[in-house]
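# Remarks on the overall topology
Each chain, written out:
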Amino acid sequence: MPIRIYVTSVFVDDQAKALAFYTDKLGFLPKTDVPVGEHRWLTVVGPGEPDGVELLLEPDVHPAAQAYKRALVEDGIPATSFAVDDVVATVRELEAKGVRITQPATPMGPVVVAMLDDTCGNLIQLTSQV
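Described below are features of the structure shown in this document. (Residues numbered from 1 in each chain as written. Predicted model: local features only at pLDDT ≥ 70, side-chain atom pairs only at ≥ 80, totals over all residues. Heavy atoms only, no water.)

In this section: the packing of aromatic side chains. Tallied over the entire structure, the rule returns three aromatic pairs. Relative to Phe-28, the ring of Tyr-22 lies with its centre 6.1 Å away and its plane at 50°, an arrangement referred to as tilted. Residue Tyr-22 is classed as buried on the basis of its relative accessible area of 0%. By way of ring pairs, the aromatic residues Phe-21, Tyr-22, Phe-28 and Phe-82 are connected into one cluster. (Phe/Tyr/Trp six-rings, centres within 6.5 Å; stacked < 30°, edge-to-face > 60°. Buried < 20%, exposed > 50% of the residue type's maximum accessible area, 1.4 Å probe, protein only.)

On to the side chain of Asp-60. Considering the arrangement of structural elements, one finds Asp-60 in the loop between strand 4 (54-59) and helix 2 (63-74). One polar contact links Asp-60 to Lys-69, side chain to side chain, over a distance of 2.7 Å. Excluding anything up to four places from it in sequence, Asp-60 contacts Phe-11, Val-12, Asp-13, Ala-65, Gln-66 and Lys-69. (Helix = DSSP H or I, 4+ residues; strand = E, 2+ residues; numbered from the N terminus. Polar contact = N/O pair within 3.5 Å; in protein donor to acceptor, adjacent residues only side chain to side chain. Contact = heavy atoms within 4.5 Å.)

Looking down a regular strand, the side chains alternate between one sheet face and the other. The element strand 4 is extensively covered by neighbouring structure, given that five of its six residues are classed as buried. Relative to strand 4, strand 1 (residues 7-12) runs parallel, the two being bridged by six bridges. Bridging across to strand 4, Val-10 finds its partner in Leu-57. The pairing of strand 3 (residues 39-45) with strand 4 spans two bridges and is antiparallel. Bridge assignment links Val-44 to a residue of strand 4, and that residue is Leu-55. (Pairing = 2+ DSSP bridges.)

If you want it as C-alpha cells, here you go:
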C-alpha cells in the first residue's frame, strides 16, 4: 500500500496574513477554510493542482512551535521548500511583487536555490533543477 503526502504544514503567526501572502504573492490557491475554535483549518494548493498536496497554514500558538520557528530563522534554515521551473525568473517576479528575498538564486550542484521571508515568521526555499 503506497503512502502519499496529503497535507503538510507551515507554522504561521497570522492565518489571514499568511493566506494573503501565499495566494497573492506566491500564487497558491485557497483549498479548505474551516473554523476550528479561534483558528481555522486553512489550506492552499499549487495552481493547476486542485487535488494536489495541501499546505496547511497552521497557527503557531504552541510555545514549542514559536521557538522552533525562531531557531530555524536564526540558523537560516527554511521551514519548507517549493519547486519552481526557474528560480532566477521566479525571484525576479517575487521581488517585483515586494517579496523579501533573503538568499539570492544560488547554484548548488544540480539545483538552484533561493530563500524568501514569508512575512509570517518563516524562511521558504525555492528550488529548480539546473
